[in-house]
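Observations on the three-dimensional arrangement
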Amino acid sequence: MTVIIDGAQKRIGLALSGGGFRAAAFHLGVFRKLKALELLDKIDLLSCVSGGSIAGAYLALHWNSPTALDEIEWYVHSRSIAVSSVIGGILDPFESRLEKLANSYDRDLFKHKSLSALDGGPRIYLNSTNLATGNMFFFVAGGGQKEEMGEHELGVVDAPNFRIALAVAASSAFPPVFPPLRLDACTYAHAAAVEYVTLTDGGIYDNMGVNPLLRERNELDYLIISDGGKPFANNRQPTESGAIVLKAGLDIMMEQIRGLEFDRIAYRHLAGMGPKPLWFSIDSVEGEAQAGDAAFASSIGTNLKALPAAEIDVLNRHGGSLIEARIRKYTPELLA
């Protein structure tokens with residue numbers, strides 16, 4: 001799945017941010033443009049968070065299917081899973097809201113497949129946040145390597161039979177709408193070190209999912225970052241409500257992390273220690289296909305609610321336009 005440049009093999013990684021169905025549709029536009037540029041099948045590594053995990057996991061599971069991208073679009077256009085999962089989880093005494101969410105993913109997307117079913121696609125990380133240690137917790141599969149789950153501090157275990165839907169649910173379990181996923185030692189042996197672990201939305205730790213793509217073991221030459229999340233915007237009437245201050249504070253902290261990640265990526269590359277980065281955010285005006293696309297796309301909500309066709313069209317167009325503009329300006333050698 002490598003690209004050949006000047007006779008040498010080069011590896012490309014693609015990070016897919018969180019941001020609900022909005023991010024999934026934005027990333028879909030990136031997939032379609034990469035396919036048109038004959039680069040999609042050359043992606044070596046995917047790293048996904050929340051909404052990015054929904055789109056990325058489905059693409060990886062159906063890597064060689066000609067209809068996979070259209071099926072992702074159908075899903076974000078026809079399903080509103082958060083409301084049904086929350087209500088179902090409240091009313092059902094035997095399943096939590098998170099289990100309802102995972103079951104909805106299985107019903108519509110993953111058909112009870114496990115991580116081992118991802119073997120036919122590129123290496124893929126589905127990222128969540130471990131509330132027991134404060135670390136990124138990943139589920140990784142594909143690329144002809146073994147399936148694993150874990151983190152750098154507690155350790156990693158083999159996980160070929162872990163359900164894809166449950167991994168995606170953990171990655172997209174935005175608090176407080178969804179409770180975290182609990183893993184006991186019987187499922188994740190290293191959990192015994194802290195009694196058990198609980199996993200929540202990967203965006204809490206790194207909403208862009210870049211961390212796995214900077215590890216030396218992955219040895220990438222190019223890093224594409226598709227950021228369909230929620231950029232922080234100036235507020236002319238900042239909140240004075242104590243409850244809303246907590247959410248605003250979280251948004252500010254995530255924006256700070258976002259900025260630090262960009263600096264980290266840029267400085268690592270300049271120091272000759274990291275891949276060449278191509279980053280674009282949903283609010284980017286530079287490269288938009290039509291005036292107003294960035295503003296419109298950024299105004300769409302970041303939940304798990306079905307998107308109207310008009311919003312999907314703009315998100316697809318905008319994601320595709322931004323990735324093409326960045327490639328043509330900064331890495332034209334990828335198109336040679």
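Use the structure listed above.
Let us look at the structure shown here. Because the structure is predicted, anything quoted here is derived from the model rather than measured.

Turning our eyes to something else, we now look at helix H2 (residues 51-61). The buried fraction of H2 amounts to 11 of the 11 residues, a majority that puts the element mostly inside the structure. Residues of H2 that are buried: Gly51, Gly52, Ser53, Ile54, Ala55, Gly56, Ala57, Tyr58, Leu59, Ala60 and Leu61.

Summed over all chains, the structure comprises 7 aromatic pairs. For the pair Phe139 and Phe162, a centre-to-centre distance of 4.9 Å together with 25° between the ring planes defines the contact as stacked. Of the two residues, Phe139 sits in strand S6 (residues 135-141) while Phe162 sits in the loop between strand S8 (155-158) and helix H6 (164-171), which places them 23 residues apart along the sequence. Of the two residues, Phe139 and Phe162, both sit in the buried class. Three or more aromatic residues joined by ring pairs make a cluster, and in this case those are Phe137, Phe139, Phe162 and Tyr188. Taking the ring centre of Tyr196 as reference, the NZ or CZ of Arg182 above it sits at 3.7 Å.

Taken as a whole and judged by the stated rule, the model has 15 salt bridges. Its salt-bridge partner being Asp184, residue Arg182 comes within 2.9 Å of it at the nearest N-O pair. Between Asp293 and Arg317 there is a salt bridge, with the nearest N and O atoms lying 2.7 Å from each other. Here the residue Asp293 occupies a position in helix H9 (residues 293-299), and Arg317 occupies one in helix H10 (residues 309-330), the gap between them amounting to 24 residues. Overall, Asp293 belongs to the buried group, its relative accessible area being 3%. For Arg317, a relative accessible area of 29% puts it in the partly exposed group.

Our focus in this paragraph is the side chain of Glu148. Looking at the secondary structure, you find Glu148 in strand S7 (residues 148-151). Owing to a relative accessible area of 16%, Glu148 belongs among the buried residues under this scheme.

Attention now moves to the packing of helix H1 (residues 20-36) against helix H3 (residues 68-78). Relative orientation of the contacting elements H1 and H3 amounts to 160°, with a least axis distance of 10 Å. Judged by the angle between their axes, H1 and H3 are roughly antiparallel. Like other packed secondary-structure pairs, H1 and H3 cross with a definite hand, here left-handed. Here Phe21, Ala24, Ala25, Leu28, Phe31, Arg32 and Lys35 of H1 lie close against H3, whose contacting residues are Leu69, Asp70, Ile72, Glu73, Tyr75 and Val76. Split into classes, the residues belonging to the contact of H1 with H3 amount to 9 nonpolar, no polar and 4 charged.

Turning next to the pairing of strand S3 (residues 12-16). Burial analysis of S3 places 5 of its 5 residues in the buried class, the great majority of the element. Burial along S3 is two-sided: Ile12, Leu14 and Leu16 facing one way and Gly13 and Ala15 facing the other are all buried. The pairing of S3 with strand S4 (residues 43-49) spans 5 bridges and is classified as parallel. Bridge assignment links Ala15 to a residue of S4, and that residue is Ser47. The β-α-β motif built from S3, the intervening H1 and the parallel element S4 has right-handed crossover chirality. Across 5 bridges, the pairing between S3 and strand S11 (residues 222-227) is parallel. Residue Leu16 lies in a different strand from S11, and its bridge partner there is Ser226.

This part covers the pairing of strand S5 (residues 123-130). Among the 8 residues of S5, 8 are classified as buried, and the element is accordingly described as predominantly covered. Examined bridge by bridge, S4 and S5 share 5 bridges and lie parallel to one another. Within S5, the residue paired with Leu45 across the bridge is Arg123. Two elements, S5 and S6, share 7 bridges in a ladder whose sense is antiparallel. Residue pairing for S6: Ile124 is matched across the bridge by Ala141. Connecting S5 to the next strand, S6, in antiparallel fashion are 4 residues, including Gly134 with a positive phi near 80°.

Next up on the list: the nonpolar core. Phe31, Leu34, Tyr105, Phe110, Phe139 and Phe162 are the most contacted members of the largest nonpolar core, which has 82 residues in total. If you tally residues by element for this core, the top one is H1, at 8 residues. Aside from chain neighbours lying at most four places away, what touches Phe139 is Leu115, Ile124, Tyr125, Leu126, Ser128, Glu148, Met149, Phe162, Ala167, Ala170 and Leu199. If you look at the next biggest cluster of nonpolar residues, it comprises 14 residues, including Ala15, Tyr125, Leu220 and Phe262.

What counts, and where the lines are drawn
- Residues numbered from 1 in each chain as written.
- Predicted model: local features only at pLDDT ≥ 70, side-chain atom pairs only at ≥ 80, totals over all residues.
- Heavy atoms only, no water.
- Buried < 20%, exposed > 50% of the residue type's maximum accessible area, 1.4 Å probe, protein only.
- Helix = DSSP H or I, 4+ residues; strand = E, 2+ residues; numbered from the N terminus.
- Phe/Tyr/Trp six-rings, centres within 6.5 Å; stacked < 30°, edge-to-face > 60°.
- Lys NZ or Arg CZ within 6 Å of the ring centre and 35° of its normal.
- Salt bridge = Lys/Arg side-chain N within 4 Å of Asp/Glu carboxyl O.
- Axes fitted to C-alpha atoms, helices over the stretch in contact; angles between N-to-C directions.
- Parallel < 35°, antiparallel > 145°, perpendicular 65-115°, else oblique.
- Left-handed = near helix turned anticlockwise from the far one by under 90°.
- Contact = heavy atoms within 4.5 Å.
- Nonpolar A, V, L, I, M, F, W, Y, C, P; charged D, E, K, R; others polar.
- Pairing = 2+ DSSP bridges.
- Right-handed = clockwise from strand over helix to strand, strands pointing away.
- Core = buried A, V, L, I, M, F, W, Y, C linked by side-chain atoms within 4.5 Å.

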